Amino acid sequence: MTDTAPFNLRPGQLSIRDLHALWRTPRAIGLDPACGPAIDAAADLVAEIVREGRTVYGVNTGFGSLASTTIDSGQLSELQRRLVMSHSSGVGEALSPRVVRMILILKINALARGHSGTRRHVIDALLALLNAGALPVIPAKGSVGASGDLAPLAHLSAVLLGEGEAILEGKRLTGAEALRRIGLTPLALAAKEGLALLNGTQVSTVLALEGLFTGLDVFAAALTAGAMSVDAMLGSDTPFDPRIHALRGQPGQIEVGRILGELLEGSGIRASHLECDRVQDPYSMRCQPQVMGAILDTMETAAATLVREANAVSDNPLVFPAQGEILSGGNFHAEPVAMAADALAVAMSEIGALSERRTALLVDAHMSALPAFLVAEPGLNSGFMIAQVTAAALASENKLLAHPAAVDSMPTSANQEDHVSMATHAARRLGEIAWNIGQIVAIELLAAAQGIDLRRPLRTSPRLAEAAKAIRERAAFLDQDRAMAPDITAVFELIESGRFSLMANKERRNSILACVSN
């Protein structure tokens with residue numbers, strides 16, 4: 001946990017900037033006191049229903065296909081406990097601490113809106129886990145994204161009961177020991193609380209947000225790489241003229257054209273061939289505003305969906321204290337997240353597809369008028385030959401990963417839950433796609449920096465020179481063959497740091513890129 005002031009969480013009001021900042025840098029969370037009365041009113045209504053003996057799904061019934069089974073009031077706490085334990089059935093590697101932190105934040109955000117019926121001290125216990133850094137161990141696999149992310153959220157909730165496992169100060173502990181070390185005792189859940197904790201789309205949403213945020217860092221780096229490749233290829237900046245993009249009117253295209261033009265402004269390399277006889281550049285150079293702009297628009301749309309979902313109350317049933325009603329619906333169905341994740345998968349894969357094509361142009365002496373494979377003595381040296389092959393392999397792999405998940409439903413719970421979203425793995429695979437495109441763009445950045453160096457004594461633009469300097473601080477000019485994997489890793493880490501987000505969006509316009517350039 002960092003020493004910055006606690007973030008004041010106002011339930012239902014997280015912005016994309018808030019979400020990105022909390023994802024990037026851990027902070028203590030304080031819950032806005034104004035939400036207290038709504039939390040209490042919902043919990044009081046649930047307690048009233050139990051006292052009156054009314055039968056309400058999720059309060060005093062079984063779950064899923066067992067919803068018609070009424071549970072005696074004396075067994076309601078045990079019902080909630082057994083629900084959490086039986087649903088702790090996830091498998092696979094544990095989700096990262098960063099992801100688990102964000103899941104806790106979104107679960108608190110949802111419960112504190114006062115429509116889930118949980119008592120305040122349950123939410124306080126989640127806050128205590130979060131702020132103490134006692135992060136539940138959550139297996140990555142086992143959710144179909146309806147009814148919510150049941151298995152992963154059960155593993156999270158089990159720690160509140162003194163069950164399951166948590167990571168605290170780098171050590172993997174039992175849930176009971178983790179609670180003891182942070183001064184908490186295991187909770188006894190009241191009616192509906194287990195279901196409120198387990199229902200919800202928070203896991204899918206966080207995984208999709210992580211894919212989005214990582215993808216935005218790579219997107220910004222790809223804009224810098226694309227501009228560098230244009231200069232190294234003796235390409236034209238005419239395709240980035242704002243008049244072209246204004247006539248089409250697509251906002252992402254306009255933004256990308258502006259950024260590319262600004263990155264290339266003042267290039268001595270460009271000035272050296274203003275009167276050349278080349279008529280047009282290949283599409284991967286010339287059509288960057290059209291392709292990357294469409295990607296940016298898709299990411300903007302997905303981001304809007306995910307921000308709404310991050311602020312949503314997505315458990316079931318929902319409590320409406322003002323009307324004295326508890327209504328059963330389907331907000332746990334994560335189809336919006338699944339479709340946003342599918343769209344992101346396609347868009348992010350296209351970042352890599354376009355970047356790989358530019359690298360292929362750079363290493364092709366016939367297209368670039370540079371030494372073959374960007375190295376002296378080609379033949380004796382192979383230069384960037386296999387680096388481009390690696391980029392091609394990753395771009396091809398992303399084609400498989402981009403296959404839509406939302407269309408692949410499978411019935412569960414004895415056909416009661418007969419259509420599900422598959423949002424969780426739709427979102428989780430975004431991390432793998434983002435990693436792949438990060439490597440692809442790192443390879444292009446190295447190749448483009450090499451190409452620019454080979455154009456000396458001509459100089460690139462001031463902003464691209466800044467990018468090239470950052471690359472050269474981590475990877476030297478390739479004068480003869482050496483292992484390139486360490487260079488690729490070093491530049492990939494530069495991308496992950498968000499360095500290129502600052503370079504690509506210095507003016508912080510209205511684009512979503514502004515949220516990652518702080």
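In this section: the overall build of the protein chain. Helix and strand counts for the protein chain stand at 21 helices and 9 strands. Scaling as 2.2 N^0.38, a compact globule of 518 residues should have a C-alpha radius of gyration of about 24 Å, and the protein chain matches this with 26 Å. Once the C-alpha set of the protein chain is aligned to its principal axes, its extents read approximately 85 × 50 × 45 Å. Per-residue burial for the protein chain yields a buried fraction of 56% across its 518 residues. As displayed, the protein chain has an accessible area near 20,800 Å², and 55% of this comes from carbon and sulfur atoms.

The terminal C-alpha atoms of helix H20 (residues 485-496) lie 16 Å apart, and with 12 residues this matches the ideal 16 Å at 1.5 Å per residue to within 8%. By the burial criterion, the buried members of H20 are Asp487, Ile488, Ala490, Val491, Phe492, Leu494 and Ile495. Two residues or fewer after H20 comes glycine 498, characterised by a positive phi angle close to 85°.

This part takes up the pairing of strand S6 (residues 165-168). In summary, the side chains of a regular strand alternate between the two faces of the sheet. Residue alternation in S6 divides its side chains into a buried set, Ala166 and Leu168, and an unburied set, Glu165 and Ile167. The pairing of strand S4 (residues 135-136) with S6 spans 2 bridges and is antiparallel. Bridge assignment links proline 136 to a residue of S6, and that residue is alanine 166. Pairing of S6 with strand S7 (residues 171-174), which is carried by 4 bridges, proceeds in the antiparallel orientation. Counted as the bridge partner of glutamate 165 is threonine 174 from S7. The hairpin formed by S6 and S7 contains 2 residues between the paired strands, and glutamate 169 there has a positive phi angle of roughly 50°.

Now for unusual backbone geometry. It is generally the case that most residues other than glycine have a negative phi and that most peptide bonds are trans. Cis geometry marks the peptide bond from alanine 146 to serine 147, where omega comes out at 5°. Along the chain, serine 147 turns up in the loop between strand S5 (139-141) and helix H6 (150-160). Arginine 456 connects to proline 457 through a cis peptide bond whose omega is 15°. For proline 457, the location among the structural elements is in the loop between helix H18 (423-454) and helix H19 (462-472). For phenylalanine 373, which is not glycine, the phi dihedral falls at a positive 60°. Within the secondary structure layout, phenylalanine 373 lies in the loop between helix H16 (365-368) and helix H17 (385-401). According to the relative accessible area criterion, phenylalanine 373 is partly exposed, its value standing at 26%. The phi angle at leucine 374 is positive, at roughly 60°, despite the residue not being glycine. Tracing the chain through its elements places leucine 374 in the loop between H16 and H17. Judged by relative accessible area, which is 0%, leucine 374 ranks as buried.

Definitions and limits used
- One numbering rule holds for all chains: residues counted from 1, following each sequence as written.
- In keeping with the predicted nature of the model, local features appear solely for residues at pLDDT of at least 70, side-chain atom pairs appear and are counted solely at 80 or more, and the whole-chain, interface and lining totals rest on all residues.
- Where side-chain values are given, they derive from all heavy atoms of the structure, hydrogens and water being excluded.
- Helix numbers and strand numbers start at the N terminus; a helix is a DSSP run of H or I with at least 4 residues, a strand a run of E with at least 2.
- Note that the radius of gyration is over C-alpha atoms, with the globule rule given as 2.2 Å times the number of residues to the power 0.38.
- Only protein chains enter the area calculation, which uses a 1.4 Å probe; residues under 20% of their type maximum are buried, those over 50% are exposed, and those in between are partly exposed.
- Only the protein chains shown count as covering a residue, and every accessible area follows the Shrake-Rupley method with a 1.4 Å probe.
- Expected span, for any helix, means 1.5 Å times one less than how many residues it has.
- We treat two strands as partners when DSSP finds at least two bridges between them.

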